[in-house]
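Examining the three-dimensional arrangement
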Amino acid sequence: MRLARAIHFDESDMNVFHSPARTGEWCISGGFEFSDWSEADLSGKARQAFSNGWLGIETFGRVTFVAVTQIEPHEFDALAAALAQHFVDMYGAPSVEAATPVATEELQHMADLCEGQQPNTVLTVARELTDAGVKEAFRMIEPQEAGLEQFAIHGSLDDEPHQH
C-alpha cells in the first residue's frame, strides 16, 4: 500500500501556512477541514491552506507538496487511530470508535490517489469553493520531473527557522 509524506523543496511553507507540516510526516488531502467554509473564510494564510495544502496527520499542519511512498499496514492503522482521535478532539466526534471508519475512509482516499504511482511521485492539490461545496483536483508530477534527487539531501531536521 502507498501513501504520501510531506516534502519541502524550500522554506516557503514555513511562511505561507499558519501551521506548517513537518517534513516526512504522513499526509492526506484534509479537505474535510473546509467543508463549512465560505468565501469570507478565505483570506491570507487560511486561503493558502484551503487552496493547496495537504494535511499532515502528526502535526495537523499543512504542506504544499507530498511524495508517494510505501506504508506498512501497522503504520496505516496507527494513522487511522491518530486521525480518529483528531476527529474527537477537534470536531466533536462522539468517540474514537465512532470516528475510526471515517478516518480510515480519509486515509483510503489518499491511498487510492497514491496507488499505481511510482515511489517519489510528487502530488499537489488545488481546491476551489463551488456552489456544490469544496472541489479538489490533484496533480501527479513524475519523479524525474520533480528532480527529487536534488532535494533529498537538502537541509536537515535540525534547521529550525529562527524566531525574530
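Data block above holds the structure.
Residues numbered from 1 in each chain as written. Predicted model: local features only at pLDDT ≥ 70, side-chain atom pairs only at ≥ 80, totals over all residues. Heavy atoms only, no water.

**Looking at the pattern of salt bridges**
Note the following rule: Within this document, salt bridges are pairs made up of a side-chain nitrogen of Lys or Arg and a carboxyl oxygen of Asp or Glu, the two lying within 4 Å of each other. Going along the chain from the N terminus, every DSSP run of H or I of four or more residues is numbered as a helix, and every run of E of two or more is numbered as a strand. For every residue, the accessible area obtained with a 1.4 Å probe (protein chains only) is divided by the maximum for its type, and the residue is called buried under 20%, exposed over 50%, and partly exposed between those limits.
For the structure on display, the rule yields 6 salt bridges. Put simply, Arg22 and Glu58 hold a salt bridge, and the shortest N to O gap is 2.4 Å. With Arg22 in the loop between helix H1 (12-16) and strand E2 (26-28) and Glu58 in the loop between strand E3 (54-56) and strand E4 (62-63), this pair connects stretches of sequence that are 36 residues apart. For Arg22, a relative accessible area of 36% translates into the label partly exposed. Here Arg47 makes a salt bridge to Glu39, at a shortest N to O gap of 3.6 Å.

**Examining helix H3 (residues 73-91)**
Applied cut-off: One fewer than the residue count of a helix, multiplied by 1.5 Å, yields its expected span. Here, the arc refers to the directions that run from the helix axis to the C-beta atoms. For this analysis, residues touch if any pair of their heavy atoms sits within 4.5 Å.
Counted at 1.5 Å a residue, the expected span for H3 with its 19 residues is 27 Å, and the 26 Å between its end C-alpha atoms agrees. Among the residues making up H3, those that are buried are Phe76, Leu79, Ala80, Leu83, Ala84, His86 and Phe87. Each buried residue of H3 sits inside an arc of 155 degrees when the element is viewed along its axis, so together they form one side. Exposed and oriented more than 90 degrees from the buried face of H3 are His74, Asp77 and Asp89. Check the buried side of H3 and you find it contacts strand E1 (2-7), E2 and helix H4 (96-114). One or two steps after H3, the chain reaches Gly92, where phi turns positive at roughly 75 degrees.

**Description of H4**
Between the first and last C-alpha of H4 there are 26 Å, a value that for 19 residues agrees with the 27 Å anticipated at 1.5 Å per step. Restricting attention to buried positions, one finds in H4 the residues Ala99, Ala103, Leu107, Met110, Ala111, Leu113 and Cys114.

**Considerations on the nonpolar core**
Stated formally: Among the buried residues, those of types Ala, Val, Leu, Ile, Met, Phe, Trp, Tyr and Cys that are joined through side-chain atoms within 4.5 Å form a nonpolar core.
In this structure, Leu3, Ile28, Trp54, Val66, Leu83, Leu107 and Met110 are the most contacted members of the largest nonpolar core, which totals 31 residues. Of all the elements in the fold, those that place two or more residues in this core are E1, E2, E3, strand E5 (65-70), H3, H4 and strand E6 (122-130). Top contributing element to this core by residue count: H4, with 7 residues. For Met110, the residues in contact, after removing those within four places along its chain, are Leu3, Ala4, Cys27, Ile28, Ser29, Trp54, Val66 and Leu123.

**Here's the deal with the sheet that holds E5**
Where we set the bar: Strands are treated as partners if at least two bridges between them are detected by DSSP. Between the N-to-C directions of two axes lies an angle of 0 to 180 degrees, each axis being a line fitted to C-alpha atoms and, for a helix, fitted only over the stretch in contact.
In space, the 7 strands of this open sheet follow the order E4-E3-E2-E1-E5-E6-E7, with antiparallel pairing throughout. Across the chains shown, the open sheet's two edge strands, defined by having one partner strand only, are E4 and strand E7 (133-141). As paired elements, E2 and E3 share 2 bridges and run antiparallel to each other. In the strand pairing of E3, Ile28 is matched with Leu55. Lying on the sheet, helix H2 (residues 44-52) is in contact with E3, E4, E6 and E7; it crosses E6 at an angle near 115 degrees.

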